[in-house]
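Results of the structural survey
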Number of protein chains: 2
Amino acid sequence: MNDYDIAVLTTGDELLSGELTDTNTGTIAEILALNGFRLRCSLSVPDQEKEISAALSYLVGHARFVIVTGGLGSTVDDLTARAAARTLGQPLVINEEALAMVRAWFAARNLQMEPNNERQALLPQQAQPLRNRQGTAPGFYLSHQGCELFFLPGVPKEMKPMFEQEVLPLLRRRVRDAVPLQQRIYKLFGLAEPRIDRMIPHHRLPPGVNVAFGLDYPLVLVKLRAGGREANDLLDQAEALLIRELGDHIMARDGETPEGMVGKMLTGAGLTLALAESCTGGLLAAMLTSQPGASAFLERGAVTYADSAKQDWLKVPPQILQQYGAVSEQCARAMAAGLRKASGTDLAVAITGIAGPDGATVDKPVGTVYIALAAENGVHAKRYQFSGDRNRVQRMSAFMSLEWIRRFALQHMERERDQHGSRL
Amino acid sequence: MNDYDIAVLTTGDELLSGELTDTNTGTIAEILALNGFRLRCSLSVPDQEKEISAALSYLVGHARFVIVTGGLGSTVDDLTARAAARTLGQPLVINEEALAMVRAWFAARNLQMEPNNERQALLPQQAQPLRNRQGTAPGFYLSHQGCELFFLPGVPKEMKPMFEQEVLPLLRRRVRDAVPLQQRIYKLFGLAEPRIDRMIPHHRLPPGVNVAFGLDYPLVLVKLRAGGREANDLLDQAEALLIRELGDHIMARDGETPEGMVGKMLTGAGLTLALAESCTGGLLAAMLTSQPGASAFLERGAVTYADSAKQDWLKVPPQILQQYGAVSEQCARAMAAGLRKASGTDLAVAITGIAGPDGATVDKPVGTVYIALAAENGVHAKRYQFSGDRNRVQRMSAFMSLEWIRRFALQHMERERDQHGSRL
């Protein structure tokens, strides 16, 4: 009998030196859980043949399925195939199918193949190559003494699709009684996890629905999970309860991002936006434009570090800068109003603050941030005091501004609906 | 002989369901590395006696030191002590010293001890308790057949000080010849990993220096490592060889970031910068301003999605937009030149391109990007064809622009040095 049904082995010096946190194990674990499987063991070893080999020997004897990630690249420290060959007593040979995959990858991109890349087709004799659509290194599959092993690259964006396309279907064929879990993720902004936990009506959730939490600062992810045939119904009921208590704070769901949702809302509402960023230095613009289709709503953005830029592009009156300083409600208001006038957009948002570590004063400690929004009905502004280091303050400021834009778009859409309704 | 010198075993269902990422392994790994030890294996299993026991059996036979975290609490799923007792063939008994520690913890806080907390003193017979100053659960130490095991709580803020106070001193006494490993990291831009690997003069590197690679797209990290008294000398020699072959491509080292280095270079050279970003949407500005001190060199940045913004803020002539389009060398040049004039900075950099997925034409497929740099001596521009999805194209464009700025600053500093030299 096996001690472990499914085990993961990750390889890489950086995983054991504290340099890099392994995300592959978590990714695999989550996909397995959603598909009704459970990971029973995860092991990490350095890029050393001795340790990879020791770990493989152990897992082959104690697990039913082993997923190995890392060490399939083209450099001297990529030793997984060699360790596998030695451990399983197979010679290492050029696998013609794998070689054809490597060649095809380079040919499709009009790239010159390096001699080193041929190493990536050196596999244990009985290995069956697994296609890698995102990179040069093919994976491979081996069966040995009742244990089935899958070898995947360590780069997360190559590993994940290969796991889903090449490993999961085989696991599903082998283990017929797996009960997939349905999961819905809600991305909440503006409340801390303990507060959210208290607001969730745990005792009223339908039995069989469980709640898990995740964090993607400053967002808190609430995950509802259920299995079986009625999973969707159960999740619908749980979702209705969750939305009643926390709906206001849900910025996005599942694969959506808050910035993507806000972009879609603006585009859908036909609203245009301009941004003036000081302490966030373009972070909010970069977030919004990381999503396709941003040109439909984003007219322009300004990163105005220098006072001259605030005066020149945003028409902030010099006397405001002199009297109140660049980090002030007055300046935030003037930035937003000036920007809206210059750009002719429906709304203009300005952020000015002290992200730190320098620039703090007694009245305005690090984390002091003013956000202003200018629209047809006037200019709104507010002072915030965010905590944490420079990058946290910048990220909080960008998300809070995004939240302002989201609420503006929501109100706008409600107004439109009301007006449209009253016309009928 | 042991396969692993030091191994870590973390226990907890949530580590294997994708809900929580294990940070204890990384914490231990980093402390070990700094102290000249190396973690050779990390293992995670669920809170199940069967799996904990299987993992302990394996590690006792294959490692010299084992650090176990988790499962020492007072609830039913805290099974580590029981699994250890069974695996090592010892009865589970109330350890009086441990019980006194638990009692003292509650007494010191004027808290009522729960009957469940007594369970935390139930340890394998030969266990020696380890004091936990941050929580109720004592840890414990066991020696078994040449393997020394340390059991610590899973809560990171309890685990870390216990590891430092209770485990590290014993490791230091046992392993007198612990050789702290020196590591130097070089962050390279513009070459793929196989190409870099071929350019490194592996056979000329001093013996004892080893090379490892990492990836932080689009940067390739080259890591040189050596131990022993001569580590620094060996690394100096290896570094000199590396710099001779690859020095041009090194954008940053160790804890530095390329954007931080470029910022420091600009500040040091007294150069000021303005940015005009179209397809990168503020990403470059956000990168540069994520570093403290950006206000010393960054005067302003523009995210000019709409043509009106290009005309208004960057003074791009309308006929250039009409004749050549916004994604053109002519437009990039006009953006950089106009921006430099508007801002009065030493250099101005403009980026315009098609990040995708929309906007491509026959002549200008997704990934077509123009970068222009305007300085006192004129405007330089170049067309690039980057591959990958929207975010890769944006990231490559930002890094390539950063590289232009870096090279400009380097040349500027060389010129200054030459002029200064000739004046002597």
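Residues numbered from 1 in each chain as written. Chains lettered and ligands numbered in written order. Predicted model: local features only at pLDDT ≥ 70, side-chain atom pairs only at ≥ 80, totals over all residues. Heavy atoms only, no water.

Side note on helix α3 (residues 80-88) of chain A
Burial within α3(A) is extensive, with 7 of its 9 residues counted as buried. Turning to α3(A), its buried residues are T80(A), A81(A), A83(A), A84(A), A85(A), T87(A) and L88(A). (Buried < 20%, exposed > 50% of the residue type's maximum accessible area, 1.4 Å probe, protein only. Helix = DSSP H or I, 4+ residues; strand = E, 2+ residues; numbered from the N terminus.)

Considering the packing of aromatic side chains
Applying the stated criterion across every chain yields a total of 16 aromatic pairs over all chains. Ring centres of Y58(A) and Y58(B) lie 3.5 Å apart, and the angle between their planes is 10°; on these two criteria the pair is classed as stacked. Residue Y58(A) is found in helix α2 (residues 49-62), and its partner Y58(B) is found in helix α2 (residues 49-62); the two belong to separate chains. With a relative accessible area of 4%, Y58(A) lands in the buried category. For the ring pair Y4(B) and Y58(B), a centre distance of 6.2 Å and an interplane angle of 75° mean the geometry is edge-to-face. Here Y4(B) is found in strand β1 (residues 4-11), whereas its partner Y58(B) is found in helix α2, with 54 residues between them in sequence. Taking relative accessible area as the criterion, Y4(B) reaches 0% and is therefore assigned buried. A network of ring pairs unites the aromatic residues Y4(A), Y58(A), Y4(B) and Y58(B) as a single cluster. The positively charged end of R300(A) is found above the aromatic ring belonging to W313(B), 4.8 Å away from the centroid. Its guanidinium or amino end placed over the ring of Y217(A), R392(A) lies 3.8 Å from that ring's centre, counting from NZ or CZ. (Phe/Tyr/Trp six-rings, centres within 6.5 Å; stacked < 30°, edge-to-face > 60°. Lys NZ or Arg CZ within 6 Å of the ring centre and 35° of its normal.)

Structural notes on the domain arrangement of chain A
All names here are of chain A. Domain annotation for chain A reports domain 1 (5-174), domain 2 (181-253) and domain 3 (258-423). Taken over C-alpha atoms, the centre of domain 2 sits 30 Å from the centre of domain 3. Taken together, the 9 residues of domain 2 in the interface contact 12 residues of domain 3. Of all residues in domain 2, F189, Y217 and M251 bury the most surface against domain 3, accounting for 62% of the area lost on that side. Where domain 2 meets domain 3, there are 2 salt bridges. (Domains from an automatic or database assignment. Contact = heavy atoms within 4.5 Å. Buried area = accessible area lost by both parts, 1.4 Å probe. Salt bridge = Lys/Arg side-chain N within 4 Å of Asp/Glu carboxyl O.)

Section: the pattern of salt bridges
One pass over the full model with this rule turns up 38 salt bridges over all chains. Its salt-bridge partner being E239(A), residue R253(A) comes within 3.3 Å of it at the nearest N-O pair. With R253(A) in strand β12 (residues 250-253) and E239(A) in helix α8 (residues 231-246), the pair connects residues that are 14 residues apart, well separated along the chain. Residue R253(A) is classed as partly exposed on the basis of its relative accessible area, which comes to 29%. Taking the shortest distance from any N to any O, the salt bridge between E329(B) and R333(B) comes out at 3.0 Å. In this pair, E329(B) and R333(B) both sit in helix α13 (residues 329-343), 4 residues apart, roughly one turn of the helix. Given a relative accessible area of 29%, E329(B) falls into the partly exposed group. Assessed through its relative accessible area of 31%, R333(B) is described here as partly exposed. Taken together, the salt bridges that share partners define one network made up of R184(A), D236(A), E239(A) and R253(A).

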